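Residues per chain are reported as follows:
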Amino acid sequence: MIVSERANVLCVPRCGSTNARNALAYCMHTLDARRFHDGWSALSPHRRTRPTFALVREPLSWYASFLTYARSGQWHDYFGWSDEHERSFADDLRRTVEPSEQRARTAGRIWTQVQTPRDVLAAMHEAQIGAWSWFVLHVLALDERVVDAQQPLAPVRLLWLDETREADLRALCAMHCVVPHPSRQFRNETQHASVDELFDDELRALVERRDGAVLRRLRAMPRGVQ
């Protein structure tokens, strides 16, 4: 979560928040780092009156980035990913998009870079959504309890990493009458195969089944900086 006196930017993980934080360093400041991936529900009432934006991306490229980035982190054991790398993408994706009932029941709570640990797998299993949808709803839903894919979403404008995000960041800087920070080109990128290389028809259909409803809701939301 990046905030200023003029605007808020909510950060879905793996959606360019490192680059955005650098680009906006002159004009905005970051809230407590433990709340970096907190969402709308964590904003105080007076901050909710300001223009609010959210960094998002489509689910296929998000999963490619998330699985590569998080293999050596806490999510590896939480989702039950394998120890092999390139050969295991399909199996690990299935565990991340559609966890088994047993896994969801036994995995328990996990820290998600916010103040309170969350029952992510249990919420995913209950709502029949993938991890991408859980993170999106966690940041954009009005209610902190992310268990229902149909719950109301926050009144924000979306900055799509895959589409116009660079122009949007420049527009946010213009809103504050500043130039981008010189280090704005730094990106927290992961090196992974392309979406076309990683996803066959079966995996695409799986993501559509678990994340398609939330993606369609995001596609219908306003986008960009005005």
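These remarks concern the structure in this document.

**Some thoughts on the overall build of the protein**
Next, step 1: A count of helical and extended segments in the protein gives ten helices and five strands.
Next, step 2: Look at the contacts in the protein between residues 6 or more apart in sequence, and 72% of them connect residues 24 or more apart.
Next, step 3: Taken as a whole, the protein presents about 10700 Å² of accessible surface, with 49% of it coming from carbon and sulfur.

**What to know about the side chain of E58**
Next, step 1: Locating E58 in the fold gives a position in the loop between β4 (52–56) and α2 (59–69).
Next, step 2: No salt bridge is formed by the buried E58. Its closest oppositely charged neighbour is R57, at 6.0 Å.
Next, step 3: Polar contacts involving the side chain of E58 include one to the main-chain amide nitrogen of L60, which spans 2.8 Å.
Next, step 4: Separated by 2.8 Å, the side chain of E58 and the backbone nitrogen of S61 make a polar contact.
Next, step 5: Look past the residues within four positions of E58 in its chain and what remains in contact with it is W132, W160, D162 and R219.

**Some remarks on unusual backbone geometry**
Next, step 1: Of note in this structure, R14 is not a glycine but carries a positive phi near 60°.
Next, step 2: Assignment of secondary structure puts R14 in the loop between β2 (8–11) and α1 (17–23).
Next, step 3: Residue R14 is classed as buried on the basis of its relative accessible area, which comes to 12%.
Next, step 4: Positive phi values are uncommon outside glycine, yet Q128 reaches one of about 60°.
Next, step 5: Take Q128: it is sitting in the loop between α6 (120–127) and α7 (131–140).

**Re the pattern of salt bridges**
Next, step 1: Per the stated rule, a full pass over the model turns up nine salt bridges.
Next, step 2: The shortest N-O distance in the salt bridge between R71 and D92 comes to 2.8 Å. Linking R71 in the loop between α2 and α3 (74–79) with D92 in helix α4 (residues 89–97), this pair joins segments that are 21 residues apart in sequence.
Next, step 3: The shortest N-O distance in the salt bridge between R210 and E98 comes to 3.9 Å. With R210 in helix α10 (residues 201–219) and E98 in the loop between α4 and α5 (101–107), the pair connects residues that are 112 residues apart, well separated along the chain.

**Digging into α10**
Since the α-helix turns once every 3.6 residues, residues separated by three or four places project in the same direction.
Next, step 1: Helix length check: α10 (19 residues) gives 22 Å between terminal C-alpha atoms against 27 Å at 1.5 Å per residue, more than 12% under.
Next, step 2: At D211, α10 is bent by approximately 65°, the largest bend along its length.
Next, step 3: Of the residues that open α10, the one with a side-chain oxygen 3.2 Å from the backbone nitrogen of E202 is D200.

**Quick look at the packing of α4 against α10**
Next, step 1: Relative to each other, α4 and α10 sit at 10°, their axes nearing to 10 Å. As far as their axial angle goes, α10 and α4 are roughly parallel. Between α4 and α10, the residues in contact are F89, A90, L93, R94 and V97 and E202, L203, L206, V207, R210 and D211, respectively.
Next, step 2: Counted by class, the contact of α4 with α10 contains seven nonpolar, no polar and four charged residues.

Here is what the cut-offs are and how they apply
Residues numbered from 1 in each chain as written. Predicted model: local features only at pLDDT ≥ 70, side-chain atom pairs only at ≥ 80, totals over all residues. Heavy atoms only, no water. Helix = DSSP H or I, 4+ residues; strand = E, 2+ residues; numbered from the N terminus. Contact = heavy atoms within 4.5 Å. Areas by Shrake-Rupley, 256 points an atom, 1.4 Å probe, with all protein chains shown as cover. Buried < 20%, exposed > 50% of the residue type's maximum accessible area, 1.4 Å probe, protein only. Lys, Arg positive; Asp, Glu negative; His and termini not counted. Salt bridge = Lys/Arg side-chain N within 4 Å of Asp/Glu carboxyl O. Polar contact = N/O pair within 3.5 Å; in protein donor to acceptor, adjacent residues only side chain to side chain. Expected span 1.5 Å × (residues − 1). Bend = angle between axes of the 7 residues up to and from the residue. Axes fitted to C-alpha atoms, helices over the stretch in contact; angles between N-to-C directions. Parallel < 35°, antiparallel > 145°, perpendicular 65-115°, else oblique. Nonpolar A, V, L, I, M, F, W, Y, C, P; charged D, E, K, R; others polar.

Keep in mind these values describe shape, not function.
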